[in-house]
Amino acid sequence: MTTTVTTKGQVTIPKPVRDFLGIVPGSKVEFHRASDGSVVITRADRHQPKSRFNNLRGHAGEGLNPDAIMALTRGE
């Protein structure tokens, strides 16, 4: 996709890119220079998606001491 830079240094982000990133009027975007010299655009006002492992976090239960946890782990 190609776009033209205006005399003010502005460009129009192509619609497929806006749709992909969920960019709407008023959205904030960031530009990052990658190690290979390319520039990456990301949406700055969107929260990072939660890790898929986030729902797996927890604890062994109230009142279990390390010995009880090891016994459960060993199947005793």
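This text gives an overview of the structure that appears in the document. Everything numeric here is computed off the predicted structure, so don't read it as measured data.

**A look at the overall build of the protein**
Move 1: The number of helices and strands found in the protein is two helices and two strands.
Move 2: Helices (α) and strands (β) of the protein occur, in sequence order from the N terminus, as α-β-β-α.
Move 3: In the protein, which comprises 76 residues, the proportion classed as buried is 4%.
Move 4: Long-range pairs, those at least 24 residues apart, make up 7% of the contacts in the protein with a sequence separation of at least 6.

**Remarks on the pattern of salt bridges**
Move 1: If you walk through the whole model with that rule in mind, you get two salt bridges.
Move 2: For Lys15, the salt bridge identified is with Asp19, shortest N-O distance 3.1 Å. Of the two residues, Lys15 and Asp19 are both situated in helix α1 (residues 15-21); the distance of four residues between them amounts to about one turn of the helix.
Move 3: As a salt-bridge pair, Asp45 and Arg43 come within 2.6 Å of each other at their nearest N and O atoms.
Move 4: Judged by its relative accessible area of 34%, Asp45 falls in the partly exposed class.
Move 5: Residue class for Arg43 comes out partly exposed when judged on its relative accessible area of 23%.

**Focus on helix α2 (residues 66-74)**
Side chains of residues three or four places apart in an α-helix project in the same direction, reflecting 3.6 residues per turn.
Move 1: With zero of nine residues buried, α2 is to be regarded as a mostly surface element.
Move 2: Residue Asn65 occupies the N-cap position of α2, its side-chain oxygen lying 3.1 Å from the main-chain nitrogen of Asp67.

**Structural notes on the pairing of strand β2 (residues 39-43)**
Every regular strand shows the same layout, with side chains that alternate between the two sheet faces.
Move 1: As judged from the five bridges shared by strand β1 (residues 29-33) and β2, these two strands associate in the antiparallel manner. Paired with Phe31 across the two strands is Ile41, which belongs to β2.
Move 2: Hairpin connection of β1 to β2: five residues between the antiparallel strands, including Gly37 at a positive phi of 95 degrees.

Conventions adopted
- Going along each chain's sequence as written, the residues are numbered from 1 onward.
- Note on the predicted model: pLDDT of at least 70 is required for a residue's local features to be given, and 80 or more for side-chain atom pairs to be given and counted; whole-chain, interface and lining totals, by contrast, use all residues.
- Calculation of side-chain values draws on the structure's entire complement of heavy atoms; hydrogens and water are dropped beforehand.
- Only runs of H or I of at least four residues qualify as helices and only runs of E of at least two qualify as strands under DSSP, and these elements are numbered from the N terminus.
- Working definition: with a 1.4 Å probe on protein chains only, accessible area under 20% of the residue-type maximum means buried, over 50% means exposed, and in between means partly exposed.
- Any two residues whose heavy atoms approach within 4.5 Å are treated as being in contact.
- Each salt bridge in this description consists of a side-chain nitrogen of Lys or Arg and a carboxyl oxygen of Asp or Glu lying within 4 Å of one another.
- Any N or O atom pair separated by 3.5 Å or less is treated as a polar contact, with the protein-specific requirement of one donor-capable and one acceptor-capable atom, and with residues adjacent in sequence counted only for side-chain atom pairs.
- Two strands pair if DSSP finds at least two bridges between them.

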